[in-house]
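# Structure at a glance
Here is how the chains run, residue by residue.
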Amino acid sequence: AAAASPRVLHGSKHDRKTVFAQVYQPKDLPTSKLLAFENFYYTAAMLGIKQTDLAPKDFTGRGAAEACGIDWAALQASDMPRDGSPKDELNKICFSANYLGLFLEKGVGVGAGSNVKVMQQVGEFGIDWSLGAAIHEASELVK
């Protein structure tokens, strides 16, 4: 399914911030400690970004500038992806870097210079789409 463009809506009854089809977002979400995984981790790794505390501008700034700032032949000839992924992964790196940074900044409201923890593992356990699915299913049970 295609992702909807972020748009902030304010409910007249409760004046609660909602994003993406009017799903409620707590006021303090943009300033909370956030954990990002899956494509955040893999995109950062392909860009060669090693640290785990990343700001939206790490994706939209340096990452996107490098991946999107050269033509396709030059990108194919470059040292990217820097995590050892196959070269065919480069077909999405420019889009991913921009989308993920803008999702954090415009969609969630994280400041361009604020940090989000980006991880692939907690201890010896991998965190991937399955963790997101489990959190989603659990949240449905408490509604």
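See the structure printed just above.
Our subject in this report is the structure included herewith. (Residues numbered from 1 in each chain as written. Predicted model: local features only at pLDDT ≥ 70, side-chain atom pairs only at ≥ 80, totals over all residues. Heavy atoms only, no water.)

## Some thoughts on the packing of helix α1 (residues 39-47) against helix α4 (residues 93-108)
The axes of two packed helices give the description: the angle between them and the distance between them. So the rule is basically this: In this analysis, axes come from line fits to C-alpha atoms, helices being fitted only over the stretch in contact, and the angle between any two N-to-C directions falls in the range 0 to 180 degrees. Only runs of H or I of at least four residues qualify as helices and only runs of E of at least two qualify as strands under DSSP, and these elements are numbered from the N terminus. Angle categories: roughly parallel below 35 degrees, roughly antiparallel above 145, roughly perpendicular from 65 to 115, and oblique for all the rest. Handedness of a crossing follows from how the near helix is turned relative to the far one, being left-handed for an anticlockwise turn of less than a right angle and right-handed for a clockwise one. Any two residues whose heavy atoms approach within 4.5 Å are treated as being in contact.
Look at α1 against α4: their axes get within 10 Å of each other, and the N-to-C directions meet at 130°. For the element pair α1 / α4, the angle class is oblique. Our pair here, α1 against α4, has a crossing hand that is left-handed. Contacts between α1 and α4 involve Asn39, Phe40, Thr43, Met46 and Leu47 from the former and Ile93, Ser96, Ala97, Leu100, Phe103 and Leu104 from the latter.

## Considering the layout of surface pockets
So the rule is basically this: Method remark: on a 1 Å grid restricted to protein atoms, a set of points is classed as a cavity if a 1.4 Å probe fits but cannot get out and as a pocket if it is open with protein on both sides within 12 Å along at least five of seven lines; lining residues have an atom within 4 Å of a point. Grid points are joined across faces, edges and corners, and a volume is the space filled by probe spheres set on the points. Residues are sorted three ways: Asp, Glu, Lys and Arg are charged, Ala, Val, Leu, Ile, Met, Phe, Trp, Tyr, Cys and Pro are nonpolar, and all the rest, Gly among them, are polar.
The computed volume of the second largest pocket comes to approximately 210 Å³. Lining the second largest pocket we find 13 residues, and of these Asn39, Thr43, Met46, Lys92 and Ser96 sit closest to its centre. Elements represented by at least two residues in the lining of the second largest pocket include exactly α1 and α4. Looking at the lining of the second largest pocket residue by residue, the class counts come to five nonpolar, four polar and four charged.

## Some details on the pattern of salt bridges
Test applied: Salt-bridge detection follows one rule: a side-chain nitrogen of Lys or Arg within 4 Å of a carboxyl oxygen of Asp or Glu. Three exposure classes are used, based on accessible area relative to the maximum for each residue type with a 1.4 Å probe and protein chains only: buried under 20%, partly exposed in between, and exposed over 50%.
By the definition in use, this model includes five salt bridges. Linking Arg82 and Glu66 is a salt bridge whose minimum nitrogen-to-oxygen distance equals 2.3 Å. Taken together, the positions of Arg82 in the loop between α3 (72-77) and α4 and Glu66 in helix α2 (residues 56-68) put the pair 16 residues apart, joining distant regions of the chain. Owing to a relative accessible area of 28%, Arg82 belongs among the partly exposed residues under this scheme. Given a relative accessible area of 36%, Glu66 falls into the partly exposed group. The residue Lys92 makes a salt bridge to Glu89 at a minimum N-O spacing of 2.9 Å. Judged by its relative accessible area of 38%, Lys92 falls in the partly exposed class.

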